[in-house]
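# Analysis of the macromolecular model
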Protein chains: 2
Amino acid sequence: MSEKRPHNPTDTSRRRFLNTAAVAGIAGAGLSVGLAACKQDSPAASAQSAPVTPASDAHAGDYSVPPGQLDTYYMFSSAGHAGDVRVFGLPSGREFKRIPVFNMDCMVGWGITNESKAIIGTNPDGSVKYNTGDTHHIHPSYTDGTYDGRYLFVNDKINCRLGRVRLDTMECDKITQIPNIQGFHGTFPDKRDPLDPAINRTTRVFCGSEFSTPLPNFGKGIDDTAHYRSLFTCIDAESMDVRWQVLIDGNCELVATSYDGKLAATTQYNTEMGTTYPEMMAAEMDSCLFFNVARIEQAVKDGKFKTYGDSKVPVVDGTKSANTDPKTALTCYVPIPKNPHGVNISPDGKYYACAGKLSPSGSLIAHELVLKWFDGELDEPRKAVVAEPELGLGPLHTAFDNRGNAYTTLFLDSQIVKWNIEGAIKSYQGDKTATVVLDRLDVHYQPGHGFTSMGETRECDGKFLISDNKFSKDRFLPVGPLHPETSQLIDISGDKMVIVHDNPVTSEPHDSIIIRRDIIKTRQIYNVDDFPNAVKDHKDSGVFRNGNKVTVKLISQAPAFSLPEFRVKKGDEVTIIVTNLDKIEDLTHGFAIQRYNINFILNPQETKSVTFKADKPGVFWCYCTHFCHAMHMEMRSRMIVEA
Amino acid sequence: MSEKRPHNPTDTSRRRFLNTAAVAGIAGAGLSVGLAACKQDSPAASAQSAPVTPASDAHAGDYSVPPGQLDTYYMFSSAGHAGDVRVFGLPSGREFKRIPVFNMDCMVGWGITNESKAIIGTNPDGSVKYNTGDTHHIHPSYTDGTYDGRYLFVNDKINCRLGRVRLDTMECDKITQIPNIQGFHGTFPDKRDPLDPAINRTTRVFCGSEFSTPLPNFGKGIDDTAHYRSLFTCIDAESMDVRWQVLIDGNCELVATSYDGKLAATTQYNTEMGTTYPEMMAAEMDSCLFFNVARIEQAVKDGKFKTYGDSKVPVVDGTKSANTDPKTALTCYVPIPKNPHGVNISPDGKYYACAGKLSPSGSLIAHELVLKWFDGELDEPRKAVVAEPELGLGPLHTAFDNRGNAYTTLFLDSQIVKWNIEGAIKSYQGDKTATVVLDRLDVHYQPGHGFTSMGETRECDGKFLISDNKFSKDRFLPVGPLHPETSQLIDISGDKMVIVHDNPVTSEPHDSIIIRRDIIKTRQIYNVDDFPNAVKDHKDSGVFRNGNKVTVKLISQAPAFSLPEFRVKKGDEVTIIVTNLDKIEDLTHGFAIQRYNINFILNPQETKSVTFKADKPGVFWCYCTHFCHAMHMEMRSRMIVEA
């Protein structure tokens, strides 16, 4: 890797890009053509005349997981604007769990229990501050360049929050709201510390903001769109506190991090800093923006930051004009073709692959060369680009195998293109004999994210690729106006890619990761001492009054609650604390109160509580909602609200 | 069928029942034994050492649905305390959709849009009245004794509501709260009118209440438990208004309806009308209670009813003491073994099969004989019982094939038992050569509901049975303390039952139905005129102020919203109305506002609205959350809230 490689500026000219209008036209046509295949007559007729995939696509049974057998991989998906995280098994494609994060979940009681409200955040009246979210991306914590089974990080694009899921319990334990930003799009944890070699694990999570606003955004400067800005944010992976932010030119799309901990990267589609569509399309090129983590943290230490509004988060200046000297620069803007979207680092840590729908090419940026730029040894950031292969229409995200190949989703072509990294570099260097594209596979339809088994780690194994497709059209039985999307499992172990199965997914399987099952070590039973308010002994169960505040302490232990009835008075503020004292795996109880809109579950040895006003007098049965035991139906209590 | 058949009272004695304590013991042991098989060591270790089902259970691939092929059946499931309805395909087991009903759904905007709030019901401050529910049972509307593809009815046990889902759009369109009851457990639509032969379709939905309370329940009589009562309710299937209620002795569990429209039935486990566990267990037998629909409606017409509290719903008297003369009785209490749970009518309309976990037997009640009792031609209701086969431990629900066989779930035995109806009747009549039990199949683990393809219709086809099991234990990769449940697909077309596949289901797949795909006719695109507030033309789009109330009318049409920005003032009550004018199938848009907690989708030609207070000044980007088009990322607007 060196600067000797010819740098061909014509490769970056507008002629290689699709004209914006043309793309819009193609996109429209692509959709229309694709959708024309969809039965427009009676759905029942459509159901009868099943569209047939060529038999070569279908390896029925080869990858089946018979009853009683276990899957070999976990797949975790961010569920887009459904706000949750989903857990699947592969290769079966079976969904095991939905983990509520930014949504509400009435089975779990997420958004109903005091414990979940404390994580989500509340308004002064005790109601949850937010009950919706857009779970965009999902990435696990790392140790030594591979997944360590501690955490999943997921981001909410609407309300600008980062959520964390503990992988041992598969439950959300923290949510942090990020100040000063809008459109929290991309996120990625770091993989090691940039300076301390002893810290070989994730300690930071990086967050990109897509939408620029006035800073601070309190109603001033609303028309001064030239001064709207975006920030790049770093959050502490353990405390989940916001550590620092970087003011940038342009905006942030997807985020990637290097294996050595030195750089974080984000693609930028609006380097023009426009607020309207034509303004955002004006420039010839956009960028992949790199952040020098160690220098940024030194700048924060040195007090070279400001803050905005009420926020105390230090914001350093990462704009171009403040970072002209590479040797002190906090940021490096590498020009790449218009509107890049995905950025993914290869498992050997050498290259960032970027692609975006307005160019039919991908860009490969060498990590080593970006570091050289920061060292003053590369004269132009653009020279860090080592390949720009032509991939097809609408390239978005790139995944990798362990044999030097990349797999890019082509949104407009509805394809996965498999290409060789070294071939692309040689071709860019002028070698006309180099083979770049190795295979193309039609997917159904319009893929967004694509990702391979362990593909974002050093343990990338090259076995499976998932294509998360935005449209299912006619692939499944019709279910009304809202169609599912399609998650297609593809075997990439051979020379040709093969579709294993189509899985319908309730919108939106936005982003996912595939993890070997041996990495995940779960707890099936809580430690009762994890809950400071646990009711550990039947003698502690009872009704405790303090003025008009009443605390009801209950134990659920099959087949009964500790109190067959409890009495409160109309107008009381009632807090009910329930501990599930059962210790048997899978022995979950539920607790619901008739007509009082209260419902939650308690896993073995777990404690939860709810607080509400007893505003209706009368007899209100409480019952176990989660099938627990042969006597489950009889597991009841009575709340008596005296008038 | 006649009364000549010997009536053996010893069959009903307590010695045939499991002693309550013994059941509790067995249940505990059953659970413990079952769970002992579950790895208590590291879950990862458990993942490595997959438990193996005998190969004879696994017919891998025989029932697979290759990529691009469609399923042959729909399965609709009530999701228990998750509050939604789920749509699957069979035999693949793939989940296509979750329909929000009693839960909140941030993708759809269910509980967020004005339209959904109007269906759910609101508090005076505009917040939703209920945001949780327990979707217990699910049944479609009928015409001519089979499913007609119009509606699904589902009930909420916690907040006592009946919801209706339109099958053409697969969306909830009505929710009715039922007065005077608690623990709305069982529900079933009728299949024709009891009197008018022209009405050969569902026009009523029957609802059973499990928990008895004072009537009215406003804080008086809270200690007078002997006067706690349950009601049986009838709701109009079209208007969804509550038509009438019946005061009964005992309570209601599951509900069934006859094919001729004349009777509704409910099982009763607390005929003692006890409030404590020992009180509920005191009696030798409980009942299956039958309602004479025509007579009840005549009594209502004749003004023979009362009302309770604020409710205007007429309540007729169906207690035993008020219905001693069969010829005028509204109700018939048929004694059957202790604590019956399920009641299911055979597809030939002849028999109600009841079973409950405290007796190892099932009870078969002849429809014709119950009618004879109402005609004064049968001296004792008990004589309507024509068989009581010994089935196994913990029998709960019975499904049927089209060859005269029944399939009962055995909760404690973790089995499905296949038995022959005529064999059971002959055996009850004393024929010792009669074969009753034909097959037993282990399921994994502890089945609740079991149901066959088209099994609750005259078109019952005897192909598949689903066993919805309450515990999955070690059947899937571990996902923390909360395990999924198991939905097992079983081929019942041959002599021996065969498990086809295990499907993990997020709790709780409470009840389900399997419908042939040709019956379901969906709409993929709305009619824009279905929405009175639709913004049909770009010239109608804009910001309309009336004092501090502002209406923003928007059109979403790929790739843009009709307004690139809109302005309101801090403190305004803002209503945003959005119409998706795209007409292409599967072209759904989303609408979200940054940091304003607003998020919903719009299917093609659909209109939705939200109303909120503009309490934060500044610039707030609005964006399309549902991938719609190549230019989806750029589909934005700006809400400017002036300070």
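Residues numbered from 1 in each chain as written. Chains lettered and ligands numbered in written order. Predicted model: local features only at pLDDT ≥ 70, side-chain atom pairs only at ≥ 80, totals over all residues. Heavy atoms only, no water.

Labelled according to an unreviewed UniProt entry, chain A appears under the name Nitrous-oxide reductase, originating from Aromatoleum toluvorans. Listed in UniProt under the heading Subunit (unreviewed entry), the comment for chain A reads: "Homodimer." UniProt lists a comment for chain A under the heading Catalytic activity (unreviewed entry), and it reads "N2 + 2 Fe(III)-[cytochrome c] + H2O = nitrous oxide + 2 Fe(II)-[cytochrome c] + 2 H(+)". (UniProt positions renumbered as here; feature names shortened; annotations may be inferred.)

### Considering the overall build of chain A
Looking only at helices and strands, one finds 7 helices and 39 strands in chain A. For chain A, whose C-alpha radius of gyration is 27 Å, the value lies close to the compact-globule estimate of 26 Å for 643 residues. Expressed along its principal axes, the backbone C-alpha trace of chain A runs to roughly 85 × 65 × 50 Å. Burial analysis of chain A (643 residues in total) assigns 68% to the buried set. Taking contacts inside chain A between residues at least 6 apart in sequence as the whole, the part at least 24 apart equals 61%. Treating the 69 positive side-chain charges of chain A as one cloud and the 79 negative ones as another, the clouds have centres 3 Å apart. (Helix = DSSP H or I, 4+ residues; strand = E, 2+ residues; numbered from the N terminus. Rg over C-alpha atoms; globule rule 2.2 N^0.38 Å. Buried < 20%, exposed > 50% of the residue type's maximum accessible area, 1.4 Å probe, protein only. Contact = heavy atoms within 4.5 Å. Lys, Arg positive; Asp, Glu negative; His and termini not counted. Charge placed at Lys NZ, Arg CZ, Asp CG, Glu CD.)

### Here we look at empty space enclosed by the protein
Following the criterion strictly, the structure yields 18 cavities of 30 Å³ or more and no others. Taken together, 20 residues make up the lining of the second largest cavity; nearest its centre are Arg98(A), Asn103(A), Met104(A), Arg98(B) and Asn103(B). Taken together, the residues of the lining of the second largest cavity sort by class into 8 nonpolar, 4 polar and 8 charged. (1 Å grid on protein atoms, 1.4 Å probe; cavity = no way out; pocket = protein on both sides within 12 Å on 5 of 7 lines; lining within 4 Å. Points joined across faces, edges and corners; volume = space filled by probe spheres on them. Nonpolar A, V, L, I, M, F, W, Y, C, P; charged D, E, K, R; others polar.)

### What to know about the relation of the copies chain B and chain A
Superposing chain B onto chain A takes a rotation of 180° combined with a translation of 0.0 Å along the rotation axis, leaving an RMSD of 0.0 Å. Expressed as a symmetry operation, the mapping of one chain copy onto the other fits a two-fold axis. Most of the interface of chain B is mirrored in chain A, where 100% of its interface residues are also at the interface. (Least-squares fit on C-alpha atoms with pLDDT ≥ 70 in both.)

### Considering the interface of chain B and chain A
Across the boundary between the two partners, chain B contributes 165 residues, which contact 165 residues of chain A. Both sides of the chain B and chain A interface together cover about 13400 Å² of buried area, and 59% of this is carbon and sulfur. Taken together, the links from chain B to chain A amount to 6 salt bridges. Among the salt bridges present, the one from Glu634(A) reaches Lys357(B), with a minimum N-O distance of 3.4 Å. Linking chain B to chain A there are 66 residue pairs in polar contact (both at pLDDT 80 or more). (Buried area = accessible area lost by both parts, 1.4 Å probe. Salt bridge = Lys/Arg side-chain N within 4 Å of Asp/Glu carboxyl O. Polar contact = N/O pair within 3.5 Å; in protein donor to acceptor, adjacent residues only side chain to side chain.)

### Comments concerning the UniProt feature "domain: Cytochrome oxidase subunit II copper A binding" (unreviewed entry) in chain A
Under the present numbering, the feature "domain: Cytochrome oxidase subunit II copper A binding" (unreviewed entry) in UniProt falls on residues 547–643 of chain A. Between the C-alpha atoms that bound residues 547–643 of chain A the distance is 16 Å, and the span itself is 0% helix and 56% strand.

### Re the pattern of salt bridges
It is possible for side chains of opposite charge to pair when their charged atoms get near one another. For the structure shown, the criterion picks out 76 salt bridges over all chains. Here Glu508(A) makes a salt bridge to Lys470(A), at a shortest N to O gap of 3.0 Å. Taken together, the residues span a long stretch of sequence, with Glu508(A) in the loop between β28 (498–505) and β29 (511–516) and Lys470(A) in the loop between β26 (464–469) and β27 (485–491) at a distance of 38 residues. A residue is classified by how much of its surface remains accessible, and Glu508(A), at 2% relative accessible area, is buried. For Lys470(A), a relative accessible area of 4% translates into the label buried. The closest approach of N and O atoms between Asp615(B) and Lys616(B), which form a salt bridge, is 3.7 Å. In the salt-bridge network here, residues are joined through shared partners; they are Asp190(A), Asp193(A), Arg204(A), Asp236(A), Arg243(A) and Glu297(A).

### Observations regarding the domain arrangement of chain A
Segmentation of chain A into domains returns domain 1 (222–386) and domain 2 (528–642). Averaged C-alpha coordinates put domain 1 of chain A and domain 2 of chain A at centres separated by 51 Å. (Domains from an automatic or database assignment.)

### Some thoughts on the sheet that holds strand β2 (residues 84–90) of chain A
Residue and element names in this part refer to chain A. The 4 strands lie next to each other as β3-β2-β1-β29, forming an open sheet whose pairing is antiparallel. Strands with a single pairing partner mark the edges of an open sheet, and in this sheet they are β3 (95–100) and β29. With strand direction ignored, the average angle separating the axes of adjacent strands in the sheet is 20°. Sheet topology note: the β2/β3 ladder contains 5 bridges and is antiparallel. Residue pairing across strands places Val 87 opposite Lys 97, the latter belonging to β3. (Pairing = 2+ DSSP bridges. Axes fitted to C-alpha atoms, helices over the stretch in contact; angles between N-to-C directions.)

### Here's the deal with the packing of aromatic side chains
Taken as a whole and assessed by the stated rule, the structure comprises 40 aromatic pairs over all chains. Each ring, one from Tyr142(A) and one from Tyr147(A), has its centre 5.2 Å from the other, and the planes form 55°; the classification is tilted. By relative accessible area, Tyr142(A) is classed as buried at 0%. When its relative accessible area of 4% is taken as the criterion, Tyr147(A) is described as buried. Pairing Tyr526(A) with Phe531(A) gives two aromatic rings, centres 5.4 Å apart and planes at 65°, and the pair type is edge-to-face. Linked through ring pairs, Phe206(A), Phe232(A), Trp244(A) and Phe291(A) together constitute an aromatic cluster. Taking the ring centre of Trp621(B) as reference, the NZ or CZ of Arg638(B) above it sits at 5.7 Å. (Phe/Tyr/Trp six-rings, centres within 6.5 Å; stacked < 30°, edge-to-face > 60°. Lys NZ or Arg CZ within 6 Å of the ring centre and 35° of its normal.)

### Some points on helix α7 (residues 421–428) of chain B
All names here are of chain B. Among the residues making up α7, those that are buried are Ile 421, Gly 423, Ala 424, Ile 425 and Tyr 428. Of the residues that open α7, the one with a side-chain oxygen 3.2 Å from the backbone nitrogen of Glu 422 is Asn 420. Downstream of α7 by one or two residues, Gly 430 has phi in the positive range, about 110°.

### With respect to the nonpolar core
Ranked by internal contacts, the top residues of the largest apolar core, which has 78 residues, are Ile576(A), Ile593(A), Met639(A), Ile576(B), Ile593(B) and Met639(B). Here Met639(B) is in contact with Phe566(B), Val568(B), Ile593(B), Tyr596(B), Phe612(B), Gly618(B), Val619(B), Phe620(B) and Cys622(B), once residues within four sequence places are set aside. (Core = buried A, V, L, I, M, F, W, Y, C linked by side-chain atoms within 4.5 Å.)

### Thoughts on the environment of Gln415(A)
All names here are of chain A. Mapped onto the elements of the fold, Gln 415 is located in strand β23 (residues 415–420). For Gln 415, a relative accessible area of 15% corresponds to the buried category. Separated by 78 residues in sequence, Gln 415 and Pro 337 have C-alpha atoms that sit 21 Å apart. If sequence neighbours within four positions are ignored, Gln 415 has contacts with Thr 408, Thr 409, Leu 410, Arg 440, Leu 441, Asp 442, Val 443 and Pro 447.

### Points about the pairing of strand β4 (residues 135–143) of chain A
All names here are of chain A. Buried residues dominate β4, accounting for 8 of its 9 residues. Where β4 meets strand β5 (residues 146–156), 6 bridges bridge the pair, whose relative direction is antiparallel. Bridge assignment links Ile 138 to a residue of β5, and that residue is Val 154. Linking β4 to β5, which pair antiparallel, is a turn of 2 residues; within it Asp 144 sits at a positive phi near 55°.

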